[in-house]
Amino acid sequence: VNSTGSVEVANVDATGSTMTVTSSAGDILSSNAANSLSVDNITFNASGSVGTAANPFVLIQDNSSSINIDSGNGVYMKTATGNLKIDRLVNTDGNIDLTAGQDLIVTTATNALVGDNISLKAEFGEIRDASGGTIRFNLIDSVDNGSVSAYSRVGDLAMVETDGDMRVGVIDISGNLTLTVDNGS
């Protein structure tokens, strides 16, 4: 689907399929909080947001699923059960809010997570980078003092702020925590 305006997505049950949605001048939205997407490979490209805080995209994934996101103003995604695996997430403004029923797996070796506020939650699992390395992020909201928050019930967590000061919201994990700042305090 290609659109110059915003796109609303309802329930999609297309296991084994690929879905690409592009909004060159708007948002990609879930039409309501009860909708779910069951698609193996998803690509979202939006000049605005992908999902909203009130209506995040609810995904049903298997271990081979692939999600790639380019967003201009925030990303809101979750799984009710199971893992949430993000292969590529590029966001230029707004918040990132990712919630997994089990493990939250993000790839940040090439592209750090960028957002005003970044919230990562693994309700019954761990938060980790797909490569096994440190989760890289960059808080860009210097006006309202954006922060990074994390919640997980399994494993250690290592995170690095790649450019600027690190502001921490709430971090509640069961293992060891390592926080590093490359360029800032």
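Because the structure is a prediction, the values reported are computed rather than measured.

Parameters and conventions
Residues numbered from 1 in each chain as written. Predicted model: local features only at pLDDT ≥ 70, side-chain atom pairs only at ≥ 80, totals over all residues. Heavy atoms only, no water. Helix = DSSP H or I, 4+ residues; strand = E, 2+ residues; numbered from the N terminus. Contact = heavy atoms within 4.5 Å. Areas by Shrake-Rupley, 256 points an atom, 1.4 Å probe, with all protein chains shown as cover. Lys, Arg positive; Asp, Glu negative; His and termini not counted. Charge placed at Lys NZ, Arg CZ, Asp CG, Glu CD. Pairing = 2+ DSSP bridges. Axes fitted to C-alpha atoms, helices over the stretch in contact; angles between N-to-C directions. Salt bridge = Lys/Arg side-chain N within 4 Å of Asp/Glu carboxyl O. Buried < 20%, exposed > 50% of the residue type's maximum accessible area, 1.4 Å probe, protein only. Patch = residues over 30% accessible without salt bridge, like charges linked within 9 Å, V, L, I, M, F, W, Y side chains within 5 Å. Polar contact = N/O pair within 3.5 Å; in protein donor to acceptor, adjacent residues only side chain to side chain.

The next thing to look at is the overall build of the protein. Helices and strands together make up the secondary structure of the protein, namely zero helices and 20 strands. Over its C-alpha atoms, taken along the principal directions, the protein stretches across nearly 40 × 35 × 25 Å. Sequence-distant contacts in the protein: of pairs separated by 6 or more residues, those separated by 24 or more amount to 31%. Roughly 8100 Å² of accessible area belongs to the protein as shown, and the carbon and sulfur atoms make up 45% of that amount. A distance of 4 Å separates the average location of the 8 positive side-chain charges in the protein from that of its 22 negative side-chain charges.

This brings us to the sheet that holds strand β20 (residues 177-181). With parallel pairing, four strands are arranged side by side in an open sheet as β13-β16-β18-β20. A single partner strand is all that each edge strand has here, and the edge strands are β13 (113-115) and β20. On average, adjacent strands in this sheet sit at an angle of 25° to one another, irrespective of strand direction. As paired elements, strand β16 (residues 135-139) and strand β18 (residues 157-161) share three bridges and run parallel to each other. Residue pairing in the sheet places R136 in a bridge with V160 of β18.

Turning our eyes to something else, we now look at the pattern of salt bridges. In total, this model carries four salt bridges according to the counting rule given. Close ionic contact of K85 with D87 constitutes a salt bridge, the shortest N to O distance being 2.9 Å. Classification of K85 by relative accessible area gives partly exposed; the value is 23%. D87 gets classed as partly exposed once you look at its relative accessible area, which sits at 23%. E126 is the salt-bridge partner of R128, the closest N and O atoms lying 3.4 Å from each other.

Before going further, it helps to examine the sheet that holds strand β15 (residues 127-129). Pairing is parallel across the open sheet formed by three strands, whose spatial order is β9-β12-β15. Edge positions in the sheet fall to β9 (84-86) and β15, since each has one partner strand and no second. In this sheet, neighbouring strand axes are inclined to one another by 15° on average, regardless of whether the strands run parallel or antiparallel.

Quick look at a nonpolar patch on the surface now. Residues V168, L177 and L179 make up a contiguous nonpolar surface patch of roughly 220 Å² in combined accessible area. Among the structural elements, V168 can be located in strand β19 (residues 168-172).

Another point: the environment of Q102. You can see Q102 is positioned in the loop between β11 (96-100) and β12 (104-106). Measuring from C-alpha to C-alpha, the distance between Q102 and S71 comes to 24 Å, with 31 residues separating the pair along the chain. Among residues more than four places away in sequence, those in contact with Q102 are G82, N83, A122, E123, F124, G125 and E126. Of note is the side chain of Q102, whose polar atom sits 3.3 Å from the backbone oxygen of F124.

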